[in-house]
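Topology and contacts: notes
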Amino acid sequence: MRQFQDIIYSEDGPIAMITLNRPEDGNMFTSQTALEVRDCINEIRRETRTRVLVITGAGDKFFCIGGSKEGLPDTLMYEGTIPTVEMYEAIDKLQKPVIACVNGFAVGGGNVLQVVCDITIAKESAVFRQVGPMMGSFDAGYGTWYLEDLVGKKRAKEMWYRNPKLTAQEALEWGLINHVVPDDKLREFTRQIALEIADRGPYALAAIKSSFLARHGGVAGFARVAHDLMLPTYLQTDEHEELNKSFKEKRRPDTTKFGR
């Protein structure tokens, strides 16, 4: 794994961890940060050492308080904006479960970040909030559709329209997150959950995650299910072997022995 500027990557047995490392700026992500998270996850996708990814923030006050346009643009395409969608897509499409370990404020894009993760564990003093309309921004997509799935349409709209601050306990009651633990138990509890998930079948977990993804993915989502689930299974069948072999041998395949 290469070295990064804005994030820290580490491994603990089967657990991969990405730490947003900009605590002096609330762990806000810049263009650089978003692309580093994307690139790091793409590397995690290609290795089999780890089974679960944990995303957290450096320090003990901020998980992430959204995006910042500070810093140089990576390409002309991203000038004046931040490629957050690429970061969210990478999390959503990773075939391994992703846990958000919320160690403080999760605000704006930081709240969307934890929403996109598969499971969220927060410390008691964590705060959750959407602030887009207060500061002239919004997240139409992951920040609305996925949020609605979690808390329902009425509460999702209230989060965006009124921008209430939710305590960790309120977020739990709304269905926004999975667990609330004492501040000093956050890391330990997150590790425990991650190790528990790591014991599950990796192929089964990938299949389940692909199925959830397909719901909002349209043709791309279904194609991902077909690619990750159907094709690898089909390629191991006698039918595939006979058709592939007969094609190479330039003969008519014998399909009479296969069921319909």
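Summary of the structure given here. (Residues numbered from 1 in each chain as written. Predicted model: local features only at pLDDT ≥ 70, side-chain atom pairs only at ≥ 80, totals over all residues. Heavy atoms only, no water.)

Structural notes on the overall build of the protein
This is how the line gets drawn: Starting at the N terminus, helices and strands are each numbered in turn, a helix being any DSSP run of H or I of at least four residues and a strand any DSSP run of E of at least two. For the exposure calls, accessible area comes from a 1.4 Å probe over protein chains only, and a residue counts as buried if that area is under 20% of its type's maximum, exposed if over 50%, partly exposed in between. Throughout, a contact is declared for two residues whenever any of their heavy atoms are within 4.5 Å. A 1.4 Å probe and the Shrake-Rupley method give the accessible areas. Residues count as covered only by the protein chains that appear here.
Helix and strand counts for the protein stand at 10 helices and 10 strands. A buried classification covers 45% of the 260 residues belonging to the protein. For the protein, the share of sequence-separated contacts (at least 6 apart) that also reach a separation of at least 24 residues comes to 69%. Carbon and sulfur atoms make up 55% of the accessible area of the protein, which totals about 14,100 Å².

With respect to the packing of aromatic side chains
To be explicit about the condition: Aromatic rings from Phe, Tyr and Trp, taking only the six-membered ring of Trp, are treated as a pair when their centres fall within 6.5 Å; an angle between ring planes under 30 degrees marks them as stacked, one over 60 as edge-to-face, and anything in between as tilted.
On inspection of all chains with the given rule, the structure shows 3 aromatic pairs. Between Tyr 88 and Tyr 142, the ring centres sit 5.8 Å apart and the planes meet at 70 degrees, which makes this aromatic pair edge-to-face. Residue Tyr 88 is located in helix α2 (residues 84-93), and its partner Tyr 142 is located in helix α5 (residues 142-151); the two are separated by 54 residues in the primary sequence. Residue classification places Tyr 142 among the buried positions, given a relative accessible area of 16%. Aromatic pair Tyr 142 and Tyr 146: ring centres 5.2 Å apart, planes at 80 degrees, arrangement edge-to-face. Taken together, the positions of Tyr 142 and Tyr 146, both in helix α5 and 4 residues apart, correspond to about one turn of that helix. Classification of Tyr 146 as buried rests on a relative accessible area of 14%.

Digging into the sheet that holds strand β7 (residues 119-123)
Quick note on the threshold: Being paired, for any two strands, means DSSP has found at least two bridges between them. Fitted lines through C-alpha atoms give the axes, limited to the stretch in contact for helices. The angle between two N-to-C directions lies from 0 to 180 degrees.
The 6 strands lie next to each other as β1-β2-β3-β5-β7-β10, forming an open sheet whose pairing is mixed. Strands at the two margins of the open sheet, each flanked by one partner only, are β1 (7-12) and β10 (179-181). Taken pair by pair, the neighbouring strands of this sheet meet at an average axis angle of 20 degrees, ignoring direction. Both β1 and strand β2 (residues 15-20) contribute to a ladder of 6 bridges, which runs antiparallel. The residue bridging Ile 8 from the neighbouring strand is Thr 19, located in β2. Contacting β1, β2, β3 (52-57), β5 (98-102), β7 and β10, helix α8 (residues 186-198) crosses the sheet at an angle of about 175 degrees to β5.

Quick notes on the packing of helix α3 (residues 109-116) against α5
Where we set the bar: An angle below 35 degrees is read as roughly parallel, one above 145 as roughly antiparallel, one from 65 to 115 as roughly perpendicular, and any other as oblique. In this scheme the crossing of two helices becomes right-handed for a clockwise turn of the near helix relative to the far one and left-handed for an anticlockwise turn of less than a right angle. Under the scheme applied, nonpolar residues are Ala, Val, Leu, Ile, Met, Phe, Trp, Tyr, Cys and Pro; charged residues are Asp, Glu, Lys and Arg; polar residues are all the others, including Gly.
Relative orientation of the contacting elements α3 and α5 amounts to 55 degrees, with a least axis distance of 10 Å. With respect to each other, α3 and α5 are oriented oblique. Here α3 runs over α5; the crossing is left-handed. In this structure, α3 contributes Val 112, Val 115 and Val 116 to the contact, and α5 contributes Tyr 142, Gly 143, Tyr 146, Leu 147 and Leu 150. Residue classes in the contact of α3 with α5 are distributed as 7 nonpolar, 1 polar and no charged.

So, the pattern of salt bridges
Pairing between side chains becomes possible if they bear opposite charge and their charged atoms approach one another. For clarity, the cut-off: Put simply, a salt bridge is a Lys or Arg side-chain nitrogen that is within 4 Å of an Asp or Glu carboxyl oxygen.
Enumeration over the complete set of coordinates arrives at 13 salt bridges. Between Lys 209 and Asp 118 there is a salt bridge whose closest N-O contact spans 2.9 Å. Taken together, the residues span a long stretch of sequence, with Lys 209 in helix α9 (residues 202-234) and Asp 118 in the loop between α3 and β7 at a distance of 91 residues. Note on Lys 209: relative accessible area 9%, which makes it buried. A salt bridge links Arg 200 to Glu 196, with the shortest nitrogen-to-oxygen separation between them at 3.5 Å.

Some points on the nonpolar core
Definition in use: Only buried residues count toward a nonpolar core, which is a set of Ala, Val, Leu, Ile, Met, Phe, Trp, Tyr and Cys residues joined through side-chain atoms within 4.5 Å.
Membership of the largest hydrophobic core comes to 48 residues, with the highest contact counts inside it found for Ile 18, Leu 53, Ile 55, Ile 91, Phe 128 and Leu 176. Examining the composition of this core, we find that 5 residues originate from one element, helix α1 (residues 31-46), more than from any other. Of all hydrophobic cores here, the second largest spans 13 residues; its members include Ile 15, Ile 99, Val 181 and Ala 198.

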